[in-house]
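Observations on the model geometry
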There are 2 protein chains.
Amino acid sequence: MEGDGVVTAGEARRTLADELAGGVVQLIRERRLEPGAQMDTVRSMAERFAVAVPTMREALRRLEAMGVVILRHGSGVYVGENVGRSVLPNPHGPLLTSESLVDLLRARSTIEPPIAAMGATVRDPGGVERITETLREAERCLLERNERLWVVNLDFHRAVAQASGNTVLAEVVDSIVLVHGHEQREILRLHGDEDVDFAEHQRIARAVLDGDADEAYRASKEHLDNVIEAIRSRRPDLRQ
Amino acid sequence: MEGDGVVTAGEARRTLADELAGGVVQLIRERRLEPGAQMDTVRSMAERFAVAVPTMREALRRLEAMGVVILRHGSGVYVGENVGRSVLPNPHGPLLTSESLVDLLRARSTIEPPIAAMGATVRDPGGVERITETLREAERCLLERNERLWVVNLDFHRAVAQASGNTVLAEVVDSIVLVHGHEQREILRLHGDEDVDFAEHQRIARAVLDGDADEAYRASKEHLDNVIEAIRSRRPDLRQ
DNA sequence: GTGATTAAGTGATCTAATCACTCCATCGCC
DNA sequence: GGCGATGGAGTGATTAGATCACTTAATCAC
């Protein structure tokens with residue numbers, strides 16, 4: 001993994017904290033620990049690896065940043081969800097600008113349709129189930145005028161990607177949907193049309209569940225392009 | 001940014017290190033620091049934020065994990081390339097398995113073609129230039145029988161994504177190309193056909209440079225499917 | 001059975017010191 | 001004058017040890 005993943009201005013030499021992070025990940029693998037599983041304490045890991053506690057902590061902070069471990073104050077160290085993830089959103093990345101919002105939506109409009117088509121072809125059971133759940137929940141939110149709708153709507157897109165049965169694609173969609181997630185939800189809440197969205201989601205879901213890849217592609221593409229257009233018409237500054 | 005980005009088994013409470021990481025990023029933004037720019041020292045940042053040095057270091061380790069800063073021993077703290085990135089590969093993610101390799105290649109085969117088509121439509125100058133460079137360099141490596149060819153070949157794919165002029169797409173392709181980068185290169189080196197690859201890359205490049213989106217899509221799709229097939233025929237364990 | 005209290009365990013942060021590396025200025029030699 | 005070596009200052013890296021803050025489980029009282 002040397003030099004891979006992070007392309008930097010000048011490669012810093014590999015530190016003890018870096019090595020330790022690798023050691024912790026190795027430990028997780030050897031023990032086949034699942035997300036949520038408790039690990040050794042910071043102090044016992046420091047002993048195991050024969051380093052000082054603050055040094056061990058530095059390594060764990062690295063892993064915490066990637067969501068590979070969770071440090072729970074007073075409780076212990078736990079394996080995080082992202083231990084099984086290859087692609088992640090960067091919580092310390094750039095702020096959303098009008099330009100980057102358009103980029104983001106355009107990116108989604110480019111890659112989500114073929115992924116939806118693949119979802120229709122593969123129809124992974126977990127993904128299919130989640131599509132059904134998120135649709136049901138969206139309907140509930142719509143009736144109750146619950147603002148959680150915008151969270152659920154983004155989850156719907158993740159569910160469609162999950163139906164592709166392809167972990168990498170699911171993670172990619174996860175990442176682009178989750179990155180600037182708060183802002184995305186706000187913009188959609190202000191400028192989206194919840195009824196149109198729901199109807200379009202239903203159309204996508206039907207196509208996926210029917211195994212109609214072409215229709216899934218079209219439905220997904222039209223939906224996302226409609227979102228872009230709706231936001232553009234209400235936000236002229238986004239016109240590009 | 002609360003709760004966004006990292007979906008974890010149970011949300012740990014926000015720590016001082018977490019807050020400090022945000023503070024450092026804020027500093028980078030306020031000063032409009034570019035990647036490579038030197039920041040304040042660890043000690044002076046600890047003073048600025050009124051915390052102890054080890055605590056400041058924990059925060060910086062978080063940011064270092066994301067490639068947002070680089071700590072250079074004896075030199076100082078520098079802004080990293082990933083300060084402007086929203087989507088990242090996880091250097092501490094899962095190991096590549098036969099199954100996940102197929103997933104990864106399939107994922108690439110699904111999303112790179114529409115991105116290549118978009119590259120042909122937009123033809124971002126920086127991306128076009130980089131396509132030309134990487135092709136030239138690949139040709140050089142081919143003549144010299146330089147194993148760097150496999151690095152350059154993956155860079156070619158990144159260049160095509162850059163030609164789309166869409167930052168998010170470029171980052172997504174970056175991430176899936178770079179994740180397990182070493183393994184990808186090894187597998188391709190063992191089972192790939194460098195001449196066929198080169199010819200296919202040339203075809204993709206020509207389509208992008210000619211602004212032929214349909215051809216770019218087809219060329220990209222066929223190339224990646226050929227890669228998958230080539231690897232499959234030589235690695236029966238990957239047959240799925 | 002439920003709620004309050006206490007103790008033990010564990011993470012969080014601090015202080016202070018020493019070690020390891022980088023960078024730059026100065027000096028010596030050719 | 002140019003180049004290489006040396007030394008000092010600055011800066012990151014790691015340690016040791018202490019105290020504080022939180023969680024969890026056990027016990028006790030009602």
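Everything quoted here is computed from the prediction, not taken from an experiment. (Residues numbered from 1 in each chain as written. Chains lettered and ligands numbered in written order. Predicted model: local features only at pLDDT ≥ 70, side-chain atom pairs only at ≥ 80, totals over all residues. Heavy atoms only, no water.)

Overview of unusual backbone geometry
Peptide bonds are mostly trans, and most non-glycine residues show a negative phi. Phi at Arg32(A) is positive, roughly 55°, even though this residue is not glycine. Considering the arrangement of structural elements, one finds Arg32(A) in the loop between helix H1 (16–30) and helix H2 (42–48). A relative accessible area of 70% places Arg32(A) in the exposed class. Phi at Ala50(B) is positive, roughly 60°, even though this residue is not glycine. Structurally, Ala50(B) is set in the loop between helix H2 (42–48) and helix H3 (53–65). Classification of Ala50(B) as exposed rests on a relative accessible area of 69%. (Helix = DSSP H or I, 4+ residues; strand = E, 2+ residues; numbered from the N terminus. Buried < 20%, exposed > 50% of the residue type's maximum accessible area, 1.4 Å probe, protein only.)

Some thoughts on the pattern of salt bridges
Per the stated rule, a full pass over the model turns up 36 salt bridges over all chains. Linked through salt bridges whose partners overlap, the residues forming this network are Asp18(A), Glu58(A), Arg62(A), Arg57(B), Arg61(B) and Glu64(B). (Salt bridge = Lys/Arg side-chain N within 4 Å of Asp/Glu carboxyl O.)

A look at the domain arrangement of chain A
Interface size is often expressed as the accessible area that is lost when the parts come together. According to the domain assignment, chain A consists of domain 1 (16–84) and domain 2 (98–238). Using C-alpha coordinates to define each centre, domain 1 of chain A is positioned 35 Å away from domain 2 of chain A. (Domains from an automatic or database assignment.)

Comments concerning the packing of aromatic side chains
Following the criterion strictly, the structure yields zero aromatic pairs over all chains and no others. Against the face of Tyr78(A) rests Arg72(A), its NZ or CZ located 4.4 Å from the ring centre. (Phe/Tyr/Trp six-rings, centres within 6.5 Å; stacked < 30°, edge-to-face > 60°. Lys NZ or Arg CZ within 6 Å of the ring centre and 35° of its normal.)

Considering the interface of chain A and chain B
Listed by partner, the interface residues are 68 residues for chain A and 69 residues for chain B. Summed over both partners, the interface of chain A with chain B comes to about 6300 Å²; 61% of that surface belongs to carbon and sulfur atoms. Our count for the chain A to chain B interface comes out at six salt bridges. With a closest N to O distance of 2.8 Å, Arg62(A) and Glu64(B) form a salt bridge. Summed over the shared surface of chain A and chain B, the number is 19 residue pairs in polar contact (both at pLDDT 80 or more). Put simply, the parts of the chain that give the side of chain A that touches chain B at least two residues each are H1, helix H3 (53–65), strand E1 (69–72), strand E3 (87–89), helix H4 (98–122), helix H7 (167–178) and helix H8 (181–191) of chain A. (Contact = heavy atoms within 4.5 Å. Buried area = accessible area lost by both parts, 1.4 Å probe. Polar contact = N/O pair within 3.5 Å; in protein donor to acceptor, adjacent residues only side chain to side chain.)

Side note on the nonpolar core
Among the nonpolar cores identified, the biggest contains 86 residues, and Ile111(A), Ile131(A) and Ile131(B) are the most heavily contacted of them. Setting aside chain neighbours within four positions, we find Ile131(B) in contact with Phe156(B), Ala159(B), Val160(B), Ala163(B), Ala205(B), Val208(B) and Leu209(B). Counting 52 residues, the second-largest nonpolar core is a separate cluster that includes Val25(A), Val51(A), Met56(A) and Leu88(A). (Core = buried A, V, L, I, M, F, W, Y, C linked by side-chain atoms within 4.5 Å.)

Concerning the pairing of strand E2 (residues 76–79) of chain A
All names here are of chain A. Along E2, one buried face is formed by Gly76 and Tyr78 and the opposite face, lined by Val77 and Val79, is buried too. Judged from the four bridges that link them, E1 and E2 form a sheet pairing that is antiparallel. Within the sheet, the bridge partner assigned to Arg72 lies in E2 and is Gly76. What sits between the antiparallel neighbours E1 and E2 is a turn of three residues, in which Gly74 has the positive phi angle 85°. (Pairing = 2+ DSSP bridges.)

Some thoughts on the protein's contact with DNA strand C
Looking at DNA strand C, there are 23 residues lining it, with Arg57(A), Gly74(A), Leu16(B), Thr55(B) and His73(B) nearest. Take Thr55(B): an N or O atom from its side chain is 2.3 Å from a phosphate oxygen of DNA strand C. Within the backbone of Gly74(B), one N or O atom sits 3.4 Å away from a sugar or linking oxygen of DNA strand C. Residue contributions to the surface near DNA strand C peak at three residues, all from H3(B). For the surface near DNA strand C, the class distribution of residues is seven nonpolar, 10 polar and six charged. (Near = heavy atom within 4 Å. Nonpolar A, V, L, I, M, F, W, Y, C, P; charged D, E, K, R; others polar.)

Quick look at the relation of the copies chain A and chain B
Of the transformation placing chain A onto chain B, the axial shift is 0.0 Å and the rotation is 180°, giving an RMSD of 0.1 Å. Those values place the two copies in the arrangement expected of a two-fold rotation axis. Both copies present the same face, since 100% of the interface residues in chain A are matched by interface residues at the equivalent positions in chain B. (Least-squares fit on C-alpha atoms with pLDDT ≥ 70 in both.)

With respect to the protein's contact with DNA strand D
Among the 23 residues in the neighbourhood of DNA strand D, the closest are listed as Leu16(A), Thr55(A), His73(A), Arg57(B) and Gly74(B). Among the atoms of DNA strand D close to the protein, meaning within 4 Å, 70% are from sugar or phosphate groups. Between a sugar or linking oxygen of DNA strand D and a main-chain N or O atom of Gly74(A), the distance comes to 3.4 Å. Looking at the surface near DNA strand D, the elements with two or more residues in it are H3 of chain A together with H2, H3, strand E1 (69–72) and strand E2 (76–79) of chain B.

Considerations on the side chain of Ser164(B)
Residue and element names in this part refer to chain B. Assignment of secondary structure puts Ser164 in the loop between helix H6 (149–162) and helix H7 (167–178). Residue classification places Ser164 among the buried residues on the basis of a relative accessible area of 2%. Of note is the side chain of Ser164, whose polar atom sits 2.6 Å from the backbone oxygen of Ala161. Ignoring any residue separated from it by four or fewer positions in sequence, one finds Ser164 in contact with Ile115, Met118, Gly119, Val122 and Leu169.

Concerning helix H8 (residues 181–191) of chain B
Gly181(B), Gln184(B), Arg185(B), Ile187(B), Leu188(B) and His191(B) are the residues of H8(B) that are buried. The buried residues of H8(B) occupy an angular sector of 165° when the element is viewed end-on, so they sit on one face. (Arc of directions from axis to C-beta.)

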